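Remarks on the overall topology
Here are the chains, one letter per residue:
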Amino acid sequence: MSSTSSAHQQGPAARQAAMAEQVLADGSATAAELAERFGVSLMTIHRDLDELERQGIVRKFRGGVTAQPSGVFESNVQYRLKTMRAEKAAVAEHALKSIEPGMAIMLDDSTSTLEIARRLRLGDITPLTVVTNFLVAINLLSDQRGIHLMALGGEYDPLHSSFLGVSCVEAVQSLRVDVCFASTSAVHGGYAYHQEQHIVSVKRAMLDSAARNVLLIDHTKLARVALHRVVPLSRFDLLLVDDGASAEALRDLDEHKVRYEVCTTTATTATTASTITTATRGGDDRAGAT
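Read on for a plain summary of the structure.

1. Some points on the packing of aromatic side chains
Applying the stated criterion to the full structure yields two aromatic pairs. A centroid spacing of 5.3 Å and a plane angle of 55° characterise the contact between Tyr-156 and Phe-163, whose relative ring orientation is tilted. Since its relative accessible area comes to 30%, Tyr-156 is described here as partly exposed. Sitting above the plane of the Tyr-191 ring, Arg-229 keeps its charged end 3.7 Å from the centroid.

2. Quick word on the packing of helix H9 (residues 165-173) against helix H10 (residues 197-208)
Where H9 meets H10, the closest approach of the two axes is 9 Å, and the angle between their N-to-C directions is 5°. One finds that H9 runs roughly parallel with respect to H10. Contact with H9, carried on its side by Gly-165, Cys-168, Val-169, Val-172 and Gln-173, involves Ser-201, Val-202, Ala-205 and Met-206 of H10 and no other residues of that element. Class assignment of the residues belonging to the contact of H9 with H10 gives a composition of six nonpolar, three polar and no charged.

3. A look at the sheet that holds strand S11 (residues 191-194)
One open sheet holds the three strands; their spatial order is S10-S11-S13, and the pairing between them is antiparallel. At either margin of the open sheet sits one strand with a lone partner, and together these are strand S10 (186-188) and strand S13 (228-232). Pairs of neighbouring strands in the sheet enclose a mean axial angle of 30°, with direction left out of account. When S10 meets S11, the two strands line up antiparallel, connected through three bridges. Its bridge partner being in S11, Val-187 is matched across the sheet by Ala-192. Where H10 meets the sheet, its contacts fall on S11 and S13, and the angle it forms with S13 comes to roughly 10°.

4. Quick look at the side chain of Ser-209
Topologically, Ser-209 is positioned in the loop between H10 and strand S12 (210-217). A distance of 2.8 Å separates a polar side-chain atom of Ser-209 from the backbone oxygen of Met-206. In contact with Ser-209, not counting residues within four places along its chain, are Met-106, Val-172, Leu-175, Arg-176 and Val-177.

5. Describing the packing of helix H6 (residues 85-95) against helix H7 (residues 111-120)
H7 packs onto H6 with a crossing angle of 60° between their chain directions and a minimal axis gap of 8 Å. In terms of their interaxial angle, H6 and H7 are classed as oblique. Handedness of the H6/H7 crossing: right-handed. In this structure, H6 contributes Arg-85, Lys-88, Ala-89, Ala-92, Glu-93 and Ala-95 to the contact, and H7 contributes Thr-111, Ser-112, Glu-115, Ile-116, Arg-118 and Arg-119. Class assignment for the residues of the contact of H6 with H7 results in four nonpolar, two polar and six charged.

Calculation notes
- One numbering rule holds for all chains: residues counted from 1, following each sequence as written.
- The predicted nature of this model means local features are confined to residues of pLDDT at least 70 and side-chain atom pairs, given and counted, to a pLDDT of 80 or more, with totals for whole chains, interfaces and linings taken over all residues.
- Heavy atoms throughout the structure, all of them, feed into the side-chain values; hydrogens and water do not.
- Centre distance within 6.5 Å is the pairing criterion for rings of Phe, Tyr and Trp, where only the six-membered ring of Trp is used; planes under 30 degrees apart are then read as stacked, over 60 as edge-to-face, and the remainder as tilted.
- Only protein chains enter the area calculation, which uses a 1.4 Å probe; residues under 20% of their type maximum are buried, those over 50% are exposed, and those in between are partly exposed.
- Comment: the charge-over-ring label is applied if NZ (Lys) or CZ (Arg) is within 6 Å of the ring centre and within 35 degrees of the ring normal.
- For helices, the axis comes from a line fit to the C-alpha atoms of the stretch in contact; other axes are also lines fit to C-alpha atoms, and the angle between any two N-to-C directions lies between 0 and 180 degrees.
- Every helix listed is a DSSP run of H or I at least four residues long, and every strand listed is a run of E at least two residues long, numbered separately from the N terminus.
- Angles below 35 degrees are treated as roughly parallel, those above 145 as roughly antiparallel, those between 65 and 115 as roughly perpendicular, and all remaining angles as oblique.
- Contacts between residues were defined by any pair of non-hydrogen atoms, one from each residue, lying within 4.5 Å.
- Note on residue classes: Ala, Val, Leu, Ile, Met, Phe, Trp, Tyr, Cys and Pro are nonpolar, Asp, Glu, Lys and Arg are charged, and everything else, Gly too, is polar.
- The rule for pairing is simple: two strands pair if DSSP sees at least two bridges between them.
- Any pair of N or O atoms that falls within 3.5 Å is considered a polar contact. Within protein, one atom must be able to donate a hydrogen and the other to accept it, and sequence-neighbouring residues count only if both atoms are side-chain atoms.
- Take the far helix as your reference; a near helix turned counterclockwise from it by less than a right angle gives a left-handed crossing, and one turned clockwise gives a right-handed crossing.

Structure follows, in structure tokens:
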């Protein structure tokens, strides 16, 4: 029996879960495609999609849904966890050079900095204080010896699996760390951008709380804009990007006098990322329901 047939027979909840998995894997789908795949009417599909949109998993557009980001909407964390893994791993490996035992570092709620947390779990850089608002990273590092974990509180946002809001900003402002590692949705014209204002306020506070700031992005973020300017790129001491970045995008960084380093993405890096994922599966599973 196929998974889609099984989901249909088990009822709406199972069908919606299977549908979410399908859209997160493919990035987008039309209502007609989903109706055919799951063997239900278009009316039923639209009800299911309304529920998935309410949960923040997908966004509806005319004729279908998407899990992909836009200039106004950020992707659900479940989708972001699946994308550009090798590129994020390459950038995270390079970022480790900025971390030394005894430091206090801050990680934002991006899946790029999560790759740093995966590597810290291996225990090669200790003692270390790690401050983060990202529930996935908190779960990942909560039982790691040698790491003093500080979880930033606030209002829980299931779309990002992180704690945000005024309480989070105030918690960040009470701290001072050696390095803040952050990512953002778009970089263009000398600025970093993000789609959501409540994310922007937390990122700005994090950057203000650090002696040094490092921006981690994969190449798909370059030459793009989003609704809100976060900060000028001059606020970062270093920008790290993978080697998929185009010459034109790198020229834009040069023109704005941004200090950046290009990180090589190799088969070895991808294998390392896979190994780390397997080694830390227990931490990922605890966060998987979010």
